[in-house]
Amino acid sequence: NFLITSYVIYTFPPKTKNIYISHDIYDTPMAKTEVEKKIFIELSKIDYIFVSSEIARNYFKNGFSENLINKSKLNAKIINTGYLKLDHVYKKLKKIKDKENSILIAPTSSKYYPNANLSKKLDKIISFLIKKKLKVIFRPHPLDLTPKGEMKLTYSLIKKFKENDNFKFDLSTSYIKSYKKSKMLITDFSGTAYTYAFSNEKPVIFYSSLNKLSFEKKLKKLYYFKDRKNVGYIVNNINDLYNKIIKIYKNKNILRTKIKNLRKKRIKYFNNSLRMTKNTIKKII
């Protein structure tokens, strides 16, 4: 009677109620504007969309409002049920005892806003951190392990640094061990930023070119970008990156408190999403 999916799908079994569980923790842009429009049109046909937060709920509401010409065709009901993935990762991390001695680098897909993402800076950043005798874990975006992304770039970086004792790469399907082994995350504008901060209670450094004109103006209005300083720091050059790494070592307890406060403010059903999801499905039945 129900089809539950975390993927955007375009064909449904007949006479089913369809539930899409969004995998985003924030109002992280799903794709470039022209692609995002098509996604919203398809999502409008689904019966229910379960989202992680009120920020995500408003993101979907605004997306439908901006992209659907005929609003009467909007079928989807958007419900905040909490974030299943966040709760799952949070509980798993508590059980792992690995040493936390590395810096995790996890960028967004290399072909997504290529003039603003980390792809062109990864070689320089990894080289710099290794020279500073810092341990690095590189976890490429899943798309960059496929022909749809930049496989050549990913494997050239791995080949270049794999013999260095301070460099590790993570191509596994689960990022939980890399989360646990790291003291902080470096990313650009990947959705993993807030999943990392809220599950791990550790800071994020956003290496970002947001201040350049490579980003659309509307993206600056998203909470993803507004909240960045509440979970870490924003940098746009190597020297500032190193300064912020040192600052994190000195202020880790202060940053942890800020992260926990923001999580409490943004994720209404933190550590309670399974019960909320189950109860919501019961009500639908």
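Here, every reference points to the structure presented above.
Residues numbered from 1 in each chain as written. Predicted model: local features only at pLDDT ≥ 70, side-chain atom pairs only at ≥ 80, totals over all residues. Heavy atoms only, no water.

## Thoughts on the environment of Ile 126
Thinking step 1. Residue placement: Ile 126 occurs in helix α4 (residues 122–131).
Thinking step 2. Overall, the relative accessible area of 0% leaves Ile 126 in the buried class.
Thinking step 3. Sequence-distant contacts of Ile 126, that is, excluding residues within four places in its chain, are made with Ile 105, Phe 138, Phe 161 and Phe 167. (Helix = DSSP H or I, 4+ residues; strand = E, 2+ residues; numbered from the N terminus. Buried < 20%, exposed > 50% of the residue type's maximum accessible area, 1.4 Å probe, protein only. Contact = heavy atoms within 4.5 Å.)

## With respect to the pattern of salt bridges
When their charged atoms lie close together, side chains carrying opposite charge are able to pair.
Thinking step 1. Per the counting criterion, the structure on display carries nine salt bridges.
Thinking step 2. When the shortest N-O distance is used, the salt bridge between Glu 100 and Lys 202 registers 3.2 Å. Of the two residues, Glu 100 sits in the loop between α3 (84–95) and β5 (102–105) while Lys 202 sits in the loop between α7 (192–200) and β9 (204–207), which places them 102 residues apart along the sequence.
Thinking step 3. For Lys 202, a relative accessible area of 5% puts it in the buried group.
Thinking step 4. The partner of Arg 139 in a salt bridge is Asp 170, with the nearest N and O atoms 3.0 Å apart. Taken together, the positions of Arg 139 in the loop between β6 (135–138) and α5 (151–161) and Asp 170 in the loop between β7 (167–169) and α6 (176–181) put the pair 31 residues apart, joining distant regions of the chain. For the pair Arg 139 and Asp 170, a shared accessibility class is recorded, and that class is buried.
Thinking step 5. Among the ionic contacts, a cluster of salt bridges with common partners joins Glu 100, Lys 180 and Lys 202. (Salt bridge = Lys/Arg side-chain N within 4 Å of Asp/Glu carboxyl O.)

## Things to note about unusual backbone geometry
Thinking step 1. In this model, Lys 15 sits at a positive phi of 60°, which is unusual for a non-glycine residue.
Thinking step 2. Assignment of secondary structure puts Lys 15 in the loop between β1 (2–5) and β2 (17–21).
Thinking step 3. When its relative accessible area of 86% is taken as the criterion, Lys 15 is described as exposed.

## Details of α7
Thinking step 1. Most of α7 is tucked away, with nine of its nine residues classed as buried.
Thinking step 2. By the burial criterion, the buried members of α7 are Thr 192, Ala 193, Tyr 194, Thr 195, Tyr 196, Ala 197, Phe 198, Ser 199 and Asn 200.
Thinking step 3. One or two steps after α7, the chain reaches Glu 201, where phi turns positive at roughly 55°.

## Remarks on the sheet that holds strand β3 (residues 48–51)
Thinking step 1. The parallel open sheet is built from four strands, whose spatial order is β1-β2-β3-β4. A strand with exactly one partner marks an edge of an open sheet, and here the two such strands are β1 and β4 (77–80). For this sheet, the mean inter-axis angle between neighbouring strands, taken without regard to orientation, is 20°.
Thinking step 2. In this structure, β2 lies alongside β3, joined through three bridges in parallel fashion. Residue pairing for β3: Tyr 20 is matched across the bridge by Ile 49. (Pairing = 2+ DSSP bridges. Axes fitted to C-alpha atoms, helices over the stretch in contact; angles between N-to-C directions.)

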